Every structure is written in structure tokens, then in C-alpha cells.
Amino acid sequence: MNKKLIVGNWKMNPATLAEAKKIAQKVKKVSANLLHAEVVICPPFPFIASCVSKKTTKNFHIGAQSTSTEESGAHTGEVSAKMLKDLAVEYVIVGHSEERARGDTDQNISRRLKQVLDEGMTAILCVGEKARDQEGKYLEDLKNQIKSSLTDIPKKFAKSIIIAYEPIWAIGATEAMKPADIYETSLFVKKVFADIFTPDAGIKTLVLYGGAVNFRNAPDIMIVGRVDGLLVGRESVNSEGFVELLKAVDAVQ
Ligand code: PGA
């Protein structure tokens, strides 16, 4: 069985490098003892280099929260996939709803994905509906979102793409989505992925759930929701809560 993947999206937190190092140290220490889970922390760009381990730490990986649509050149304020790769980044979040809300388009998301994959890193593609309706129209929207981001991606990259299903209404909310609904939607996501790439790719791709995950609800989301892992926002910069979450998920068989 695959190890579960727990991704911490730190967003624009914490405020200082000293705090960032402290959280990273704690997470590293706990990760080394995990048996059934692996951890990726995604600090803000300026903190990445200081969170990287000097030597390989078991079950611990570094991710980034986004990357440029471009390879290099005159793009003020941008950070390229090559630069991230050079810092030992292994995973890059692409298409987070907060970035989409600032105007990122499916076309840009597809270009960011391409940059990440061309550098040999793993892309964590975020998708999710704004709201749910009785008629199930949200499923159609979800399908279109996945399709338009992945259409131009060659099949050979399917194994390097993880889908993070994050219903937008659950991000930053007090309650996560119901685990049974998570299960249903994650199957739908796998089916869409299979239709774009191959049936085998659909079976093998990892689907994570994100949105109001904490150490209390994480085990149920893993067991009933049957996802391959979690994308955690707020709880990932609360080091005590995150450590509890890692241990709780590790204990889930
Ligand atoms: P949250 O954020 O866990 O704070 O709801 C999740 C996310 O945005 O990835």
C-alpha cells in the first residue's frame, strides 16, 4: 500500500524566518518516525532554502506554493520551476483557489504545470467547486476545471500529477466536507483523470482532500473519505496540531 501523503500549505505564514525554521524542525523530527505517511511542507518562497534538510530526512519533503508560467527571463516578481528544483523542491502546488481568485486562468495553470513537470518535479493540481447544487452541476464544473488544466499535458506526465480536491466553500471554513461526500467526489476526480490520460493512470493517481482539515477530523477523512492524503492549510503552521495530525493519520491502517 502507498504511504499517505500529507501536504502542509503554509500560505503567507509564518511572519518570520525563525518561526518557519522552528516549525520545519518539529515536522522533520516527527516525520522520521512515521511508518505509513510522508510529509511535504510548502513554505513561502523566501523560507524554502532554510527549511531544506542538509541530509535526507525520512518521509520529509519540500514543496512550493506556485511557480511562474515562464521558464526564465524578464518576468519581474516571478520564481521559475528551475530555481525551485535547484533548491531541492520536489512538489509544487498549482492552481490553488486563492491564486485562481486573484485571476489565474486554466490556461496559465496548464503552463505552470508544464514548467513543474518539465523540471521533473511532482505537481499538486488543486481543483474544487465554489458551491454545491442539488442538480449536480458542480460535477460538470469540476470536470471542466480538471480537463482544461490537463488537456495540453502529455500522457507521460500523468504519474507526476497529484490532484488535490479542495471544495472552495470548505477552505478556511470551520467544518470540512463530510467524509462520505469526499469519497464520492474523489472517485469522480479519478474517473475524469482516467478519461483524460489512461484507465491505469486514473487508478494510480493520488487524490488528496483539502479544506478545514485538522487533527480531529483527519482520521475520519482518511478512513471514510478513502483519500490518498490531505492538503492542510491553517493546521500546518500550528506545529502542535500538525504533529498530532501526522501521528493520527500515521495510525490509520
Ligand atoms: P485550510 O486551507 O486547511 O486552512 O482550510 C486549505 C487550503 O487552502 O489548502
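One can find the structure itself at the top, above this paragraph.
A short tour of the structure in this document, coming up. Counting restarts for each chain: residues are numbered from 1 in the order of the written sequence. It should be noted that, the model being predicted, local features are given only for residues of pLDDT at least 70 and side-chain atom pairs only at 80 or more, the latter also being counted only at that level, while totals for whole chains, interfaces and linings use all residues. Values shown for side chains rest on all heavy atoms present in the structure; no hydrogens or waters enter the calculation.

## Looking at the sheet that holds strand β5 (residues 122-127)
Within a sheet, each strand pairs with its neighbour through backbone hydrogen bonds, oriented either parallel or antiparallel.
Then, number 1: DSSP bridges decide pairing: two strands pair if at least two such bridges lie between them. Helix numbering and strand numbering both begin at the N terminus, where a helix is a DSSP run of H or I of at least 4 residues and a strand a DSSP run of E of at least 2. The eight strands are arranged β1-β2-β3-β4-β5-β6-β7-β8 in a closed barrel whose pairing can be described as parallel. If you compare each strand with its neighbour and ignore which way they point, the axes differ by 25° on average.
Then, number 2: Here strand β6 (residues 161-165) runs beside strand β7 (residues 207-210); their pairing, made up of three bridges, is parallel. Bridge assignment links Y165 to a residue of β7, and that residue is Y209.
Then, number 3: Residues count as neighbours in contact if any of their non-hydrogen atoms are within 4.5 Å of one another. Structural elements are reduced to axes, namely lines fitted to C-alpha atoms, with helices fitted over the stretch in contact, and the angle between N-to-C directions of any two is expressed from 0 to 180 degrees. In the packing of helix α10 (residues 239-251) onto the sheet, contacts are made with β1 (4-9), β2 (37-42) and β8 (229-232), and the angle to β1 comes to roughly 165°.

## With respect to the site of the ligand
Then, number 1: Residues are labelled near a given molecule or strand when at least one of their non-hydrogen atoms is within 4 Å of it. Around the ligand, the surrounding shell consists of N9, K11, H96, E166, A170, I171, G172, G211, A212, L231, G233 and R234.
Then, number 2: What qualifies as a polar contact is a pair of N or O atoms within 3.5 Å, subject to a donor-acceptor requirement within protein and to the restriction that residues adjacent in sequence count only when both atoms come from side chains. The side chain of H96 places a nitrogen or oxygen atom 2.7 Å from an oxygen atom of the ligand.
Then, number 3: Burial of the ligand by the surrounding chains reaches 99%, relative to a free accessible area of 280 Å².
Then, number 4: By the convention adopted, Pro, Cys, Tyr, Trp, Phe, Met, Ile, Leu, Val and Ala count as nonpolar, Lys, Arg, Asp and Glu as charged, and the other residues, Gly among them, as polar. Residue composition of the shell around the ligand, by class: four nonpolar, five polar and three charged. To measure how exposed things are, a 1.4 Å probe is used in the Shrake-Rupley method; for residues, cover is taken only from the protein chains shown.

## Regarding the side chain of T67
Then, number 1: Assignment of secondary structure puts T67 in the loop between β3 (60-64) and α3 (81-86).
Then, number 2: Separated by 3.0 Å, the side chain of T67 and the backbone oxygen of V79 make a polar contact.
Then, number 3: Among all residues touching T67, those that are not within four sequence positions of it are V79, S80, A81, L84, V92, R112 and V116.

## A short note on helix α7 (residues 179-196)
Then, number 1: Take the residue count of a helix, subtract one, and multiply by 1.5 Å to get its expected span. Over its 18 residues, α7 extends 26 Å from the first C-alpha to the last, a length consistent with the 26 Å expected when each residue adds 1.5 Å.
Then, number 2: Remark: exposure states derive from per-residue accessible area (1.4 Å probe, protein chains only) relative to the maximum for the residue type, with buried under 20%, exposed over 50%, and partly exposed in between. Taken residue by residue, α7 has P179, I182, T185, S186, V189, K190, V192, F193, A194 and I196 as its buried positions.
Then, number 3: In this fold, the buried residues of α7 make contact with α6 (137-150), β6, α8 (199-204), β7 and α9 (218-223).

## Structural notes on the side chain of R112
Then, number 1: On the secondary structure map, R112 appears in helix α5 (residues 106-118).
Then, number 2: Residue R112 is classed as buried on the basis of its relative accessible area of 9%.
Then, number 3: Engagement of the side chain of R112 in a polar contact is seen with the backbone oxygen of T67, the distance being 2.8 Å.
Then, number 4: The contacts of R112, once residues within four sequence positions are left out, are S66, T67, S68, T69, E78, V94, E99 and D104.

## Quick notes on the pairing of strand β4 (residues 91-94)
Then, number 1: Burial along β4 is two-sided: Y91 and I93 facing one way and V92 and V94 facing the other are all buried.
Then, number 2: As defined by bridge partners, β3 adjoins β4 across two bridges and the pair is classed as parallel. In the sheet register, A64 faces β4, and the bridge partner there is V92.
Then, number 3: In this structure, β4 lies alongside β5, joined through four bridges in parallel fashion. Residue V92 lies in a different strand from β5, and its bridge partner there is A123.

## Observations regarding the packing of aromatic side chains
Then, number 1: Each Phe, Tyr or Trp ring (for Trp, its six-membered ring) is paired with any other whose centre lies within 6.5 Å, and the angle between the two planes then decides the class: stacked below 30 degrees, edge-to-face above 60, tilted in between. Using the criterion set out here, one finds two aromatic pairs in the structure.
Then, number 2: Here the aromatic rings of F193 and F197 are separated by 4.9 Å at their centres, their planes lie at 55°, and the arrangement is tilted.
Then, number 3: Relative accessible area serves as the criterion here: at 0%, F193 is assigned to the buried category.
Then, number 4: Across from the ring centre of Y183, 4.2 Å away, lies the NZ or CZ of R226, which sits over that ring. Only when the NZ of Lys or the CZ of Arg is both within 6 Å of the ring centre and within 35 degrees of the ring normal is a charge said to sit over the ring.

Fair warning: the whole summary comes from geometry, so function is off the table for now.
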